[in-house]
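Structural overview for review
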Amino acid sequence: MRTVTDSLSGVADMVDGVGVHQLDRAQARRIAVRAQLLAAPRPTDLLTVVRQLTLLQIDPTAAVAPSADLVAWSRLGSLYQPAQLQRALERDRTLFEHQAMVRPMADLGLYLAAMAGWPSHERQREWLRRNDSFRRDVLDLLGRSGPLLSRDIPDTCAVPWPSSGWTNNRNVTQMLEFLVLRGEVAIAGRQGRQRLWDVAERVYPVGTAVVDLEQARRARNERRLRALGIARAKTIVTPGEPAEVGDAGEPAVVEGVPGVWRVDPAALGQPFTGRTAVLSPFDRLVHDRVRLAELFEYEYVLEMYKPKASRRWGYFALPILHGDRLVGKVDATADRRRGTLVVHTVHEDVPFTPELTRAVHDELHDLAAWLKLTAEGLR
């Protein structure tokens, strides 16, 4: 594997009396890659990974493997096994699941104030008011018998949940989702892909200090910047975890890229040794497509929602990182019935040298071995 070694230093300049770090694209990319624990050497334990990344996103798609597991494997390699994540969530309680994200339990206090103030929209408030007896029924049952699957909880709603989408009249699930957002219920674990629900006091540590909303917002921005390395103060609002970091860190400009960034000052002046990694489509290195294009000059679209004939790279194409560059995509599928990881195509965004080809093939063989499959389709 080719390695790339450099210093992540930025030179401070003055713009309008404010110190601004001057970075070129390579420095900015290396800051981002290192912050995401995708440089060498690899981290060695799951909790360290989640604390640095601040989250693992949960997604049901498992064309190769569930995204949370793929993200952990990309950092830890074969040291990681999915049972470690389950144990951290369900037994050790060092992690918790909230809004389709796995987060460190040490960060729980940053979310409790927002939970206490939820909901902000009148529609949800009114539905909860009209169904307060239903809410109490759910909490009483979980208190006596939890953790439970949603199908084990009777629907005693007074007013059904109205929706033009899939949540229409799914009253138990909707109530449970709302109670999680309020901090009264928590996800205690999973039975297969089904969530197990319980009262929050049996999942969350009793006496967790509540951080007030403004202080929590600042702390989350600082944690997010540390995980991203370099990011914009403001971005387009998208569902899920924000990509923006407010006034966290210090201002920076990137040569050839318009506008001002925010950079984690602790990431400056650090050595960088690159490695090869195959990433989940939901990996935080690639999640912000605008940042991806600006810093990495890399085009990526998750094509699972497109008709097959319209796909360029594949249903669940995996981005390929080599050093500080994203160099291609892998169209692969885990065929567990046949015991193979089928590599349909390796798309080269840049011409692969023999060394780069070997590095990518080695990583795909490692992925197959981790999945207990045999790689098929590599030449």
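The following paragraphs examine the structure supplied in this document. (Residues numbered from 1 in each chain as written. Predicted model: local features only at pLDDT ≥ 70, side-chain atom pairs only at ≥ 80, totals over all residues. Heavy atoms only, no water.)

With respect to the overall build of the protein chain
Quick reminder of the rule: Only DSSP runs of H or I covering at least 4 residues are called helices, and only runs of E covering at least 2 are called strands; the numbering of each starts at the N terminus. Between the two quantities, the radius of gyration covers C-alpha atoms and the globule rule is 2.2 Å times the number of residues to the power 0.38. Residue exposure (1.4 Å probe, protein chains only): buried if accessible area is under 20% of the type maximum, exposed if over 50%, otherwise partly exposed. Whether two residues are in contact is decided by their heavy atoms: any pair within 4.5 Å suffices.
Scanning the protein chain for helices and strands turns up 11 helices and 17 strands. Radius of gyration (C-alpha) of the protein chain: 22 Å, near the 21 Å computed for a compact globule of 379 residues. In terms of overall dimensions, the protein chain has a C-alpha envelope of 65 × 65 × 40 Å along the principal axes. Each of the 379 residues in the protein chain was classed as buried or not, and the buried ones make up 51%. Across the protein chain, contacts joining residues at least 24 apart in sequence account for 62% of those joining residues at least 6 apart.

Examining the sheet that holds strand β17 (residues 374-376)
For clarity, the cut-off: Two strands pair under a simple rule: DSSP has to find at least two bridges between them. Geometry is summarised by axes, namely lines fitted to C-alpha atoms with helices restricted to the contacting stretch, and by angles between N-to-C directions that run from 0 to 180 degrees.
The sheet built from five strands is open, its strands ordered β13-β14-β15-β16-β17 with mixed pairing. The open sheet terminates on both sides in strands that have one partner only, identified here as β13 (276-278) and β17. Each neighbouring strand pair of the sheet contributes to a mean axis angle of 30°, computed without reference to strand direction. Across eight bridges, strand β15 (residues 325-335) lies against strand β16 (residues 340-348) in antiparallel orientation.

A look at the pairing of strand β14 (residues 318-322)
Two faces, one strand: in a regular strand the side chains alternate between the faces of the sheet. Within β14, five of the five residues are buried, which leaves the element mostly enclosed by the surrounding structure. Residues Leu318, Ile320 and His322 line one face of β14 and the alternating positions Pro319 and Leu321 line the opposite face, and both faces are buried. As defined by bridge partners, β13 adjoins β14 across three bridges and the pair is classed as antiparallel. What sits directly across from Val278, in β14, is Ile320. Judged from the five bridges that link them, β14 and β15 form a sheet pairing that is antiparallel. Within β15, the position partnered with Pro319 by the bridge is Lys329. Where β14 folds back onto β15 in an antiparallel hairpin, the turn is made up of two residues, including Gly323, whose phi is positive at roughly 65°.

A few points about unusual backbone geometry
Residues Trp118 and Pro119 are joined by a peptide bond in cis, for which omega reads 5°. Tracing the backbone shows Pro119 in the loop between α5 (109-116) and α6 (122-130). Of the consecutive residues Gly146 and Pro147, the connecting peptide bond is found in the cis state with omega at 5°. If you trace the backbone, Pro147 turns up in the loop between α7 (132-145) and α8 (171-181). Phi angles above zero are rare outside glycine, and Glu297 is one such case at about 50°. Within the secondary structure, Glu297 is located in the loop between α10 (289-296) and β14. The residue Lys372 is not glycine, and still its phi comes out positive at about 60°. Relative to the helices and strands, Lys372 resides in the loop between α11 (354-370) and β17.

Focus on α11
At 3.6 residues per turn, the α-helix brings residues three or four places apart onto the same side. Definition in use: To estimate how far a helix should extend, the number of its residues minus one is multiplied by 1.5 Å.
Its 17 residues give α11 an end-to-end C-alpha distance of 24 Å, which sits within 8% of 24 Å, the value for a rise of 1.5 Å per residue. Within the span of α11, buried status applies to Leu356, Ala359, Val360, His361, Glu363, Leu364, Leu367, Ala368 and Trp370.

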